[in-house]
There are 2 protein chains.
Amino acid sequence: MPDLLDRLRERDWRLTAQRRVVTEVLGGEHVHLTADEIHALAARRLPEISRATVYNTLSELVALGEIREVNTDGRAKRYDPNAHQAHQHLICIQCGTIKDVHPEDNPLSALPPSERFGFDISDVEITYRGLCPNCAS
Amino acid sequence: MPDLLDRLRERDWRLTAQRRVVTEVLGGEHVHLTADEIHALAARRLPEISRATVYNTLSELVALGEIREVNTDGRAKRYDPNAHQAHQHLICIQCGTIKDVHPEDNPLSALPPSERFGFDISDVEITYRGLCPNCAS
DNA sequence: CCCTAACTTAGACAAGGTCTAAATTTAAAG
DNA sequence: CTTTAAATTTAGACCTTGTCTAAGTTAGGG
């Protein structure tokens, strides 16, 4: 798969300095940053970047399906660049660390038709919570 | 199982008028109200009840394990009085309706040890999303 | 090189929630 | 029945997260 910036170029996404630094900050595969964290990192390279632009850019990337919004705790949303591989999240209830995990079965198959109330189900989000080895000791 | 107010009485929970109306508003089994909705309903019976008290009471009920906090959409948290029966949620992406559902398997069993990163997992939260029959037509 | 639509900006605004200090209420002791 | 200390409630200030707007700036086709 070509990298994120290449994919965006192919889609008539006007590439500005601001959009570039935001997507660069989201480079890794196992990163789960809040909008404010992304803004702070982006501002290290482009000091005048505004909060509004970071929010706008993130919304566009979500709409394009290039990143996912994760609602882990009712606090700030986090943005997950690992959008092209189905996965779920495992979160430490103490330190907040987030891991990507991959359940064995298709999570949808556990929900029998009688429990679907006629819905056309399109998405399943699973969050596992527990104590990480570091916090347990 | 004795009802909510009885259980709380047995636990030295000082029962005030404010706490009573909040717990009464949470009476049903299949209700998923926001704090503001709970405040509005409570205020119909006890007009001077404050927002802070509603938030305090809800936090205490969560800590006591009598209700559950549900984070459905990154907007306001919802409070679910159906805390003593394991269940998950099915949400309409259009109208926001929330249904309680009961998957067949233990959701934890789908996560193999190799995907647990040494965590001691204590909770799994699953949210199914789709279009309800009403919105589909 | 110019033009215009697209983009970015600062800052006001809004929703949801937390905190604080003062007032009130509870219930236990005298 | 009073006193009293601790628990509870209150109004409103404040905080965090996110959205909106109007004005300024920029990308890139012609």
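Residues numbered from 1 in each chain as written. Chains lettered and ligands numbered in written order. Predicted model: local features only at pLDDT ≥ 70, side-chain atom pairs only at ≥ 80, totals over all residues. Heavy atoms only, no water.

Novice: What's the story with the protein's contact with DNA strand C in this structure? I'm lost.
Specialist: With respect to spatial proximity, 16 residues lie near DNA strand C, and among them T16, Q18 and T53 of chain A together with R51 and K77 of chain B are the closest. In DNA strand C, atoms within 4 Å of the protein come from the sugar-phosphate backbone in 76% of cases. A distance of 2.4 Å separates a phosphate oxygen of DNA strand C from a polar atom in the side chain of T16 of chain A. A distance of 3.0 Å separates a phosphate oxygen of DNA strand C from a polar atom in the backbone of E48 of chain A. Counting residues per element, the ones that place at least two in the surface near DNA strand C are α2 (17-25) and α4 (51-63) of chain A together with α4 (51-63) of chain B. Looking at the surface near DNA strand C, the element that brings in the most residues is α4 of chain B, giving three residues. Broken down by class, the residue content of the surface near DNA strand C amounts to five nonpolar, four polar and seven charged. (Near = heavy atom within 4 Å. Polar contact = N/O pair within 3.5 Å; in protein donor to acceptor, adjacent residues only side chain to side chain. Helix = DSSP H or I, 4+ residues; strand = E, 2+ residues; numbered from the N terminus. Nonpolar A, V, L, I, M, F, W, Y, C, P; charged D, E, K, R; others polar.)

Novice: Looking at this model, I keep getting lost on the packing of aromatic side chains. Mind explaining?
Specialist: Between two aromatic rings, the relevant description is the distance of the centres plus the angle of the planes. Within this structure, the stated rule accounts for zero aromatic pairs over all chains. Over the aromatic face of W13 of chain A sits the side chain of R19 of chain A, whose NZ or CZ is 4.6 Å from the ring centroid. Lying over the aromatic face of F117 of chain A, K99 of chain B brings its terminal NZ or CZ to 5.0 Å of the ring centre. (Phe/Tyr/Trp six-rings, centres within 6.5 Å; stacked < 30°, edge-to-face > 60°. Lys NZ or Arg CZ within 6 Å of the ring centre and 35° of its normal.)

Novice: It is not clear to me how the pattern of salt bridges should be interpreted in this structure. Could you clarify?
Specialist: Oppositely charged side chains are able to pair whenever their charged atoms sit close together. By the definition in use, this model includes 13 salt bridges over all chains. With a closest N to O distance of 2.7 Å, E125 of chain B and R129 of chain A form a salt bridge. Within this pair, whereas E125 of chain B is found in strand β6 (residues 120-131), its partner R129 of chain A is found in strand β6 (residues 120-131), the two belonging to separate chains. Of the residues examined, E125 of chain B reaches a relative accessible area of 23% and is grouped as partly exposed. (Salt bridge = Lys/Arg side-chain N within 4 Å of Asp/Glu carboxyl O. Buried < 20%, exposed > 50% of the residue type's maximum accessible area, 1.4 Å probe, protein only.)

Novice: When you look at the domain arrangement of chain A in this model, what are you seeing that I'm missing?
Specialist: Residue and element names in this part refer to chain A. Partitioning chain A into domains gives domain 1 (4-80) and domain 2 (88-136). A straight line from the C-alpha centre of domain 1 to that of domain 2 covers 24 Å. Across the boundary between the two partners, domain 1 contributes nine residues, which contact seven residues of domain 2. Taking both sides of the interface into account, the surface hidden between domain 1 and domain 2 amounts to around 590 Å²; carbon and sulfur atoms contribute 48%. Along the contact surface separating domain 1 from domain 2 lie one salt bridge. Across the salt bridge formed by D123 and R68, the nearest N and O atoms sit 3.7 Å from each other. Here domain 1 is connected to domain 2 by five residue pairs in polar contact (both at pLDDT 80 or more). Elements with a minimum of two residues in the side of domain 1 that touches domain 2: β2 (68-70) and β3 (78-80). Residues of the side of domain 1 that touches domain 2, tallied by class, amount to one nonpolar, four polar and four charged. (Domains from an automatic or database assignment. Contact = heavy atoms within 4.5 Å. Buried area = accessible area lost by both parts, 1.4 Å probe.)

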